[in-house]
Amino acid sequence: MMQWRRMEAVVLLVLLGQLASALDVPLDLSQPPTITHQSPKDYIIDPRESIVIHCEAKGNPHPSFLWTRNGTHFDTDEDPNVTMKPHSGTLVVDISREKAEHYEAVYQCTARNKHGTAVSNNIVVRQSRSPLWSKERIKPIVVHEGMSLVLPCRPPAGLPPPIIFWMDNNFQKLPQSSRVSQSLNGDLYFSNVLVEDSRNDYICYARFPHTQTIQQKQPITVKVINHDPLEERKPTFLIPSGPSSSKMVLRGQVLELECIAEGLPTPEISWSKRSSVLPVERTSFPHYQKTLRIVNVSQSDEGEYRCTAKNRLGSAQHAIHVTVRAAPYWLAGPPRNLVLAPRENGVLTCRAGGTPKPAITWTVNGVPIENAPKDESRKVEGDSIIFTEVQTDSSAVYQCNVSNDYGYLLSNAFVNVLSESPRVLTPSNKVYQVIKNHQALMDCASFGSPVPKITWFKESRSSTLDGDPYVVHDNGTLGIHVAQVRHSGKYTCVAQNFFGNYENHVYLEVKEPTRILKQPEYKVVQRGRSVVFECRVKHDPSLVPSTTWLKDKEELPEDKRLTVESDSLTIADVTEDDAGVYTCIANTTLDRDSASAELTVVEATPTPAVAYEQPDAPTDLELTDLKKRSVQLTWTPGDEHSSPIQKFLIQYQDSLHHRGHWHNLTEVPGTKTTAHLKLSPYIHYTFRVLALNAVGFSRPSAPSRMYRTEPAAPDENPTGVHGFGTEPDNLVISWKPLSGLQSNGPGLHYRVMWRRKKVESDWTSVTVSNYTQFVVSGTPTFVPYELKVQAINDHGAGPEPDVAHGYSGEDLPLTAPQNVRYEVQNSTLAEVRWDPVPPREMRGILKGYKVYYRREHALHKHNPHHVEEHVLTFSGNRSHGLLPGLRPFSRYAFNVRAFNGRGEGPASSTHRFETPEGVPGAPSFLMVTDPNPDSFTLEWSPPHERNGHVLGYTLKYQPVNNSNEVGPVMEMALAPNETSLTLLNLKYNTRYKFYLNARTGSGEGPAISQEAVIIMDEARPVSPFGNLSSSVGEEGALISWEYWGSEKNVYVEYIVENSDGEDEWQKEFVNGSQNVVLKNLKGGLSYRVRVVASGHRDQPLHHSEELLVKFPAVASRQVDIATQGWFIGLMCAIALLILILLIICFIQRNKGGKYPVKEKEDAHTDPEFQPMKEDDCTFGEYSDNEDHKPLKGSRTPSNGTVKRDDSDDSLVDYGEGEDGQFNEDGSFIGQYSGKSVSRDTGEGPERSEAPSPINAMNSLNSFV
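Predicted model only: the values in this text are computed from it and were never measured. Within any chain, residue numbers begin from 1 and follow the written order of that chain's sequence. Local features in a predicted model are, by the rule used here, given only for residues with pLDDT of at least 70; side-chain atom pairs are given and counted only at 80 or more, and totals for whole chains, interfaces and linings are based on all residues. Excluded from the side-chain calculation are hydrogens and water; included are all heavy atoms of the structure.

Some words on the overall build of the protein chain
Inference 1: A run of H or I in DSSP counts as a helix once it spans at least four residues, and a run of E counts as a strand once it spans at least two, with each numbered from the N terminus. Along the protein chain, the regular secondary structure elements total six helices and 94 strands.
Inference 2: Burial analysis of the protein chain (1264 residues in total) assigns 40% to the buried set.
Inference 3: Throughout, a residue-residue contact means that at least one pair of heavy atoms, one from each residue, lies within 4.5 Å. In the protein chain, once contacts between residues fewer than 6 apart in sequence are set aside, the share between residues at least 24 apart is 64%.
Inference 4: Surface exposure of the protein chain reaches about 70,800 Å², of which carbon and sulfur atoms provide 50%. For the exposure calls, accessible area comes from a 1.4 Å probe over protein chains only, and a residue counts as buried if that area is under 20% of its type's maximum, exposed if over 50%, partly exposed in between. We get accessible surface area from the Shrake-Rupley algorithm with a probe of 1.4 Å; when it comes to residues, only the shown protein chains can shield them.

Here's the deal with the nonpolar core
Inference 1: Here the nonpolar core consists of buried residues drawn from Ala, Val, Leu, Ile, Met, Phe, Trp, Tyr and Cys, with membership extended through side-chain atoms lying within 4.5 Å. Ranked by size, the top nonpolar core spans 30 residues in total, and within it Val 25, Ile 51, Ile 53, Trp 67, Tyr 107 and Val 125 carry the most contacts.
Inference 2: Of all the secondary-structure elements, those providing two or more residues to this core are strand 2 (42–45), strand 3 (51–53), strand 4 (55–60), strand 5 (64–69), strand 8 (91–93), strand 9 (105–113) and strand 11 (123–127).
Inference 3: If one sorts the elements of this core by residue count, strand 9 sits on top with four residues.
Inference 4: In terms of nonpolar packing, the next biggest core, distinct from the first, is built from 20 residues, Ala 352, Ala 396, Val 402 and Val 417 among them.

Considerations on the sheet that holds strand 8
Inference 1: Read from one edge to the other, the open sheet built from three strands follows the order 3-8-7, with strand pairing classed as antiparallel. The sheet terminates laterally at strand 3 and strand 7 (82–84), the two strands that pair on one side only. Each neighbouring strand pair of the sheet contributes to a mean axis angle of 20°, computed without reference to strand direction. DSSP calls a pair of strands paired once it identifies at least 2 bridges connecting them. Where helices are involved, their axes are fitted lines through C-alpha atoms of the stretch in contact, as for all axes, and angles between N-to-C directions lie from 0 to 180°.

Some points on the pairing of strand 35 (residues 384–387)
Inference 1: Neither face of strand 35 is left uncovered, since the one carrying Ser 384 and Ile 386 and the one carrying Ile 385 and Phe 387 both have all their residues buried.
Inference 2: As judged from the four bridges shared by strand 30 (residues 346–349) and strand 35, these two strands associate in the antiparallel manner. Looking at strand 35, one finds that Gly 346 is bridged to Phe 387.
Inference 3: Pairing analysis gives four bridges linking strand 34 (residues 378–381) to strand 35, with the strands arranged antiparallel. Each residue of the ladder has a partner; that of Arg 378, found in strand 35, is Phe 387.
Inference 4: Connecting strand 34 to the next strand, strand 35, in antiparallel fashion are two residues, including Gly 382 with a positive phi near 65°.

A word on the side chain of Ser 698
Inference 1: Tracing the sequence through the fold places Ser 698 in the loop between strand 62 (684–692) and strand 63 (707–708).
Inference 2: Not counting chain neighbours up to four residues away, the residues in contact with Ser 698 comprise Pro 615, Asp 616, Ala 617, Pro 618, Leu 690 and Ala 691.

A closer look at unusual backbone geometry
Inference 1: With omega at -5°, the peptide bond leading from Leu 159 into Pro 160 counts as cis.
Inference 2: Residue placement: Pro 160 occurs in the loop between strand 13 (149–151) and strand 14 (163–167).
Inference 3: The omega torsion of the bond from Thr 355 to Pro 356 falls at 0°, within 30 degrees of zero and hence cis.
Inference 4: Mapping Pro 356 onto the fold places it in the loop between strand 31 (352–355) and strand 32 (359–364).
Inference 5: In this structure, Phe 171 is a non-glycine residue whose phi angle is positive, near 60°.
Inference 6: Relative to the assigned elements, Phe 171 resides in the loop between strand 14 and strand 15 (180–182).
Inference 7: Classification of Phe 171 by relative accessible area gives exposed; the value is 54%.
Inference 8: A positive phi is found at His 287, a non-glycine position, where the angle reads about 55°.
Inference 9: We classify His 287 as partly exposed; its relative accessible area is 32%.

Observations regarding the state of the cysteines
Inference 1: In plain terms, two cysteine sulfur atoms within 2.5 Å form what is called a disulfide here. The tally for this structure, following the rule as stated, stands at six disulfides.
Inference 2: At a sulfur-sulfur separation of 1.9 Å, the disulfide partner of Cys 153 is Cys 204. In this structure the cystine formed by Cys 153 and Cys 204 twists about its S-S bond by roughly -65°; its chirality is therefore left-handed. Of this pair, Cys 153 sits in the loop between strand 13 and strand 14 while Cys 204 is found in strand 17 (residues 199–208), placing the two residues 51 residues apart along the sequence.
Inference 3: Overall, the relative accessible area of 1% leaves Cys 204 in the buried class.
Inference 4: Paired through a disulfide, Cys 259 and Cys 307 show a sulfur-sulfur distance of 2.0 Å. On the S-S bond that ties Cys 259 to Cys 307, the torsion sits near -70°, and the link is left-handed. You can see Cys 259 sitting in the loop between strand 22 (255–258) and strand 23 (260–264) and its partner Cys 307 sitting in strand 27 (residues 303–311), a full 48 residues away along the chain. With respect to burial, Cys 259 and Cys 307 carry one shared label: buried.
Inference 5: Take the cysteines of the protein chain that form disulfides and number them in order along the sequence; they join up as 1-2, 3-4, 5-6, 7-8, 9-10, 11-12.

Overview of the pattern of salt bridges
Inference 1: The rule for a salt bridge is simple: a side-chain nitrogen of Lys or Arg has to be within 4 Å of a carboxyl oxygen of Asp or Glu. Per the counting criterion, the structure on display carries 47 salt bridges.
Inference 2: In this structure, Asp 42 and Arg 126 form a salt bridge, with 2.8 Å as the shortest nitrogen-oxygen distance. Here Asp 42 is found in strand 2, whereas its partner Arg 126 is found in strand 11, with 84 residues between them in sequence.
Inference 3: Judged by its relative accessible area of 42%, Asp 42 falls in the partly exposed class.
Inference 4: Residue classification places Arg 126 among the partly exposed residues on the basis of a relative accessible area of 31%.
Inference 5: For Lys 993, the salt bridge is made with Glu 1011, and the minimal N-O distance between the two is 3.7 Å. Here the residue Lys 993 occupies a position in strand 84 (residues 991–1000), and Glu 1011 occupies one in strand 86 (residues 1008–1013), the gap between them amounting to 18 residues.
Inference 6: Taking the relative accessible area as the measure of exposure, Lys 993 reaches 24% and is therefore partly exposed.

Looking at the environment of Thr 355
Inference 1: Tracing the chain through its elements places Thr 355 in strand 31.
Inference 2: Here Thr 355 falls in the partly exposed class, since its relative accessible area comes to 25%.
Inference 3: Remark: the alpha-carbon pair of Thr 355 and Tyr 406, spanning 51 residues in sequence, is separated by 8.5 Å.
Inference 4: Once residues within four sequence positions are removed from consideration, Thr 355 is found in contact with Gln 299, Val 324, Arg 325, Ala 326, Asn 404 and Tyr 406.

Some remarks on the packing of aromatic side chains
Inference 1: Whether two aromatic rings pair depends on their centres lying within 6.5 Å, for rings of Phe, Tyr and Trp, where Trp uses its six-membered ring; planes under 30 degrees apart make the pair stacked, over 60 edge-to-face, and the rest tilted. Per the counting criterion, the structure on display carries 28 aromatic pairs.
Inference 2: Consider the rings of Trp 834 and Tyr 849, whose centres lie 5.3 Å apart with planes at 50°: the pair is tilted. Residue Trp 834 is located in strand 73 (residues 829–835), and its partner Tyr 849 is located in strand 74 (residues 846–858); the two are separated by 15 residues in the primary sequence. For the pair Trp 834 and Tyr 849, a shared accessibility class is recorded, and that class is buried.
Inference 3: Relative to Tyr 1087, the ring of Tyr 1054 lies with its centre 6.1 Å away and its plane at 70°, an arrangement referred to as edge-to-face.

Side note on a nonpolar patch on the surface
Inference 1: Judged by side-chain polarity, Leu 1136, Leu 1137, Leu 1139, Ile 1140, Ile 1143, Ile 1144 and Ile 1147 come together as a nonpolar surface patch covering roughly 630 Å² of accessible area.
Inference 2: Within the fold, Ile 1144 resides in helix 4 (residues 1125–1151).
Inference 3: Judged by relative accessible area, which is 42%, Ile 1144 ranks as partly exposed. Like charges within 9 Å and nonpolar side chains (Val, Leu, Ile, Met, Phe, Trp, Tyr) within 5 Å are joined into patches, using only residues over 30% in relative accessible area that form no salt bridge.

Topic: the sheet that holds strand 13
Inference 1: The strand order across the open sheet built from three strands is 13-16-15, with neighbouring strands paired in antiparallel fashion. Because the sheet does not close on itself, it has two edges, and the strands there are strand 13 and strand 15. Sheet twist, expressed as the average angle between the axes of neighbouring strands with direction ignored, equals 15°.
Inference 2: Sheet topology places strand 15 next to strand 16 (residues 188–190); three bridges connect them, and they run antiparallel. For Ser 181, the partnering residue across the bridge sits in strand 16 and is Tyr 189.

Section: the confidence of the model for the protein chain
As a note on interpretation, predicted positions should not be read in detail where pLDDT is low.
Inference 1: The pLDDT value expresses, per residue, how confident the predictor is, ranging between 0 and 100. Here the protein chain shows a mean pLDDT of 83. Residues at 70 or above account for 86%.
Inference 2: Scored below 50 in pLDDT, residues 1–22 makes 19 contacts in the model with residues more than four places away or belonging to other chains.
Inference 3: Confidence over residues 1153–1264 falls short of pLDDT 50; this stretch has 102 contacts with residues more than four positions distant or in other chains.

Topic: a negative patch on the surface
Inference 1: On the surface, Glu 613, Asp 616, Asp 639 and Glu 640 cluster together into a negatively charged patch.
Inference 2: When you line up the elements, Glu 613 lands in the loop between strand 56 (592–602) and strand 57 (619–624).
Inference 3: Residue Glu 613 is classed as partly exposed on the basis of its relative accessible area, which comes to 41%. Counted charges follow a simple rule, with Lys and Arg positive, Asp and Glu negative, and His plus the chain ends left uncounted. By convention, the charge on Lys lies at NZ, on Arg at CZ, on Asp at CG and on Glu at CD.

Quick notes on the environment of Ala 261
Inference 1: Structurally, the position occupied by Ala 261 is in strand 23.
Inference 2: The exposure class of Ala 261 is buried, given its relative accessible area of 3%.
Inference 3: Taking the C-alpha atoms as reference points, Ala 261 and Arg 179, separated by 82 residues in sequence, lie 9.2 Å from one another.
Inference 4: Not counting residues within four places of it along the chain, the set of residues in contact with Ala 261 comprises Ser 191, Thr 236, Phe 237, Leu 238, Pro 267, Ile 269 and Ala 309.

This is how it looks when you write it as structure tokens:
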């Protein structure tokens, strides 16, 4: 008995484990690592590219990664070529500086966090290889006709192995057949050779797929010698040799058996299996029956296979014994993650198959389980680990390793011990749409620990959905095998476990199917004519259909002759290429329908040219087979005008209800002249017919005679029946009335019926007419009712109406929420909880709860009393809510009220709570006062919002240069009672920025900032302006300046000099530039001008020095004498006379006598001004010293001076205080320069003078 109980417990644990394994732990919850992506076990890399070894994992906390290489730790930080991607374990190896073969090894990745360790497979990294073909000299092969031949390929061993094919020199594949074929190893086999096999370009090619390179063997020459007559022989096998052979293949791989025979004539190969048949679905015979290929090998494929080679001279057989072995494989999938609640039970199962039977080993967090820390809740039994009453510290990652001689499987599965209330992972308010009569599936993916139980409800939650037609699947999905329109609506899934429950709402919409009502029909059309295929679609109104046309199951060609409309396809000027099958496909997002028709094109009959026109109107309309609800209409078509009639449109007019309005009734093909029309009662019908051809519609026919259908009882009832209350004691029943066409007769009225739901009572009814609603008074408050509205006329009642549902009026809730409590989360957030109001006391549909809360006062003695009322609304059936945005260090009062569609119920008792301290607000103000050459005084006020006890202030300040670059920060801690501070030893002419914030026990609050500049002296503050200047032009006064301040608002002010004190300064804004033109200045006035920079309102203005600008008066317009012709002529004449006079003087000088220096010195004492002598036209200071000039070509001393001799008439006397200097041609330049000579007088240094006649003479001398 104990053994049976133990087996039952194990089975139960397995079931629980499988159920728990279906849970996918949300990543925001704590969980051990899970490897999500890794490189394959056998990883072949391209040696030309960087090596990327993948290892990705998830977990919470996010795991860290380590690697081993060939079983030892691989420190990726020490290898400069290896980098690990951020937040990942993936390795990237740069092989640009190292050969790829250096990194060929076995790698394993480990991902770990505090909950466990996951490991990857052993990743064997090998580089692909495409070695060159060895050089060899191949002798020509000579063979007699009819003999067998084998051309060896023997490609170099590559990784992976190459793909072999034979081609000629022109890169054309060599033809193969049952006589000539390629074997599995790449050799080319000839069962017998023919003379035409002689050629010198049999070339074997090897394509290495990983590197996409192709190599070729040296060409082989084959010469076939004619041997007549040919000697026939029976088959013998070239491969395999002997009567039998064996072959081993692994389960799941491809079995390829090969038999190639020689003989003449060419043998035929056939295959069979002893005592069994070949699996047809998995078997093929490539290479002209010489290969037997079976894919996805299983154990049943083991046995003896026989190949038979046969020609007319005999046969040969070979037996191949096939053995199937199996690398390990999962029997029911790898172990699955296990999520358990504390003290729950579970099981991890590692069940695998293989041949031979594989061995199973377990590790925990990468450590063999026998060496891992002992866990009393864990017990290993064969291929399973059973967990009993797990604890929180039982979380770990378990590795299951299954191996045999042919491979291994490694799988990670974690055990995560959590206590978590349910949550539904399916998006809320998701809408599912299905087609009527199809299966509907609505998800309720959930997570919780323990595993939540899923329950489904519809609309009013009267009962759970667990019976026909509903099916609740194990994963929580709700299914309906055959969905109907009545199944549409709102569904609620509830996930519940020990820690709580969670609701989620989804919606199901059942749509009408898409159907093609008017299908395309078979057409026979003459070439050159037009054809129309119709395709009218009926679909659900809420779905948008799209129509697609195909020709012979392919897209329509791009052709202007094809016109696709919403319900037709028109082909103009038909050709023979248009013949085929045309398919109309109507698609919606949920379903589709299709219909096809064939088009046959025939040769056109030669006819004279005709003009196509619209058809004539049909005639001779006649009504026959008159019945209450139908009639037959016949007519005679009009002239087609050489264009066949495609269809007829039948319209009707209702003279009783809509006289003068024609409505489309139906259409019939153009080949018919009779239509059977379905009619409605109580309508006065008149019919007419229109014909349509390729040109268009005809004129309407003459109306038929009137046909009056007899009245009848209504065929339908009003729709949109609703019940609701406008007062606590009434029920309003409303509906959509029938139209006159739907009434089917006179005297239309309605029978309104109602009764209490779930109460055995008779229907109460009342008859009304010309109304769309009825009010039932005296009803109980908010009770459910069943409603019906039936249409009735003078000829009877309509069909039995469907039952609708509604509620009488709501009233205010009777009671307040109970058990109100709170929890202060932090200084600005509190959570409020309450017990919901019972439904019977809600007296209406619960809309939600409102929390009224107010701040009564702050807890700080400096803060005044506050009463701020707030309301937060929590919609739906809530039992808790958060109050955000609270003020720290304050006292709050609150109450909770339920509300429904009528209004709010009574308030709960008032509760009060206090919020803890928070960080304070910024100080109320920060001012800079008493600026001095090296100090500032700062004044401030405590924050308006202290949010607690202010423990002090932090002052930070730093200098700022003209480029707005900041310097080092100085910081000071200040006492809470300080409101001013004087900073000493500051740098003058420096701008400083100050930051001040207050702090409480919760931390520092935001800072208030201020800027100020140290003044240069006590009398004059430092100005950020410089180089202020002005210039006056025709457009106005241009004011320019330099500015290095931080304020962005800069403008120019100006005012008339000596103006009254009442005059205001005028402003001119500059928009960021450093100059401006003042255009509004008045002539003849002087203005005081200054530049101003303004910052914030609480900062002082910065002014430049004032500048006095004189704006001249505008002179009256006068004639400019300089522009008059007579004046210009006069001046030219004077200039010419002066020039002549100078020339005469020059000539006289060359002819005239000498004037000693003594005479010059006695005559004048002022060398800077000598009047011209009138008698000889010479200048008083000038002396003709031609006799003393050096000869041309003579040299002056190297210092540029002329040595004084004994003569008093020395040239040095005419210098400028130094030895006289000469030009390059030897001419003297000391006396004749245009500059005055410096003397020892009070006139100061040398000054520039106006040009003199001496300069003019010097100019003339330079030309002589």
